[in-house]
Amino acid sequence: MTEILLLGTFHFMEEPIDFYSLEAQKELQKLSNKLQKFNPDTIAVEAEHSSQQYIDSSYEKFCLKDLSDIEKMKRETLGEIYIHDKVYPIVYHNETVQIGYRLGKMLAHSKIYAIDSYARLDMTPMRSNDAHLLEAKKRFKEYSATEPKASITELIKYLNDEKWINLHHGTYIQANAVQADRTYSGTQMVAAWYERNLRIFANIQRLAMNSKRLFIIYGAGHLKLLKQLIEADNNLKLVDVREYI
């Protein structure tokens, strides 16, 4: 049986946090020290599986000492990667690098694994005026207003809390009913979301075949489905992430 530690996170590039500051680096190192206690033999990140070669080259280039060189992190990149058919630089301002790569080097891993499988979703149903969907979005928005701002760790704890996970997923559940009497556009959108997560999970299952302890860092919006899928697989054991954050 493979133990799985699944950490949900926000996308660092979308937050106005100075991840290059000494305070942020200390906090990220403290978090990584806690995660290290899980002692994973495999680490997986939210990067397109087909772009594994770019993860390989950037991880090989990355060194732990880079994290104490603020100017280097601001000035340089770790290469480039294809995302949704476009080329982007691999910057240090990134949760994959700041947590995934950091932990990998701390544990002397030779490789970090990309497990994402992108699917283009038509999010039009999310803009519907369906009463149940509007209520679900309102509840999620109101709860999101309580999001902690001062601490990276507290924000990560907040996103891994069951209430946030359930309220976020609840918007998809209500969107499923949009145009259910006509085109089932809501169902088509939600089906595409489920399919993406099923493909991600297939990659997790594949990695788990040769792993005893697998650490996964992923966008928190995926947590509900990925947790359900992991718990449904008798070959996998979901570890309580609260013990490591």
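Report follows, based on the coordinates. Note that the structure is predicted; figures quoted are calculated from it, not measured.

### Some points on the pairing of strand β1 (residues 2-9)
Consideration 1: Where burial is concerned, most of β1 is hidden: seven out of the eight residues are buried.
Consideration 2: As paired strands, β1 and strand β7 (residues 236-238) are joined by three bridges and run parallel to one another. Along β7, the bridge assignment pairs I4 with L238.
Consideration 3: As judged from the seven bridges shared by β1 and strand β6 (residues 213-219), these two strands associate in the parallel manner. Within β6, the residue paired with I4 across the bridge is L214.

### Some details on the packing of aromatic side chains
Consideration 1: A full pass over the atoms with the stated rule returns eleven aromatic pairs.
Consideration 2: Look at F38 and Y244: their rings are 5.7 Å apart centre to centre, the planes differ by 75°, and that puts the pair in the edge-to-face class. Of the two residues, F38 is situated in the loop between α1 (22-36) and β2 (42-48) and Y244 in the segment after β7; the sequence distance between them amounts to 206 residues.
Consideration 3: Judged by relative accessible area, F38 falls into the buried class, the value being 4%.
Consideration 4: Taken together, the ring pairs connect Y59, F62, Y92 and Y101 into an aromatic cluster.

What counts and how
Residues numbered from 1 in each chain as written. Predicted model: local features only at pLDDT ≥ 70, side-chain atom pairs only at ≥ 80, totals over all residues. Heavy atoms only, no water. Buried < 20%, exposed > 50% of the residue type's maximum accessible area, 1.4 Å probe, protein only. Helix = DSSP H or I, 4+ residues; strand = E, 2+ residues; numbered from the N terminus. Pairing = 2+ DSSP bridges. Phe/Tyr/Trp six-rings, centres within 6.5 Å; stacked < 30°, edge-to-face > 60°.

The analysis is restricted to geometry; functional conclusions fall outside its scope.
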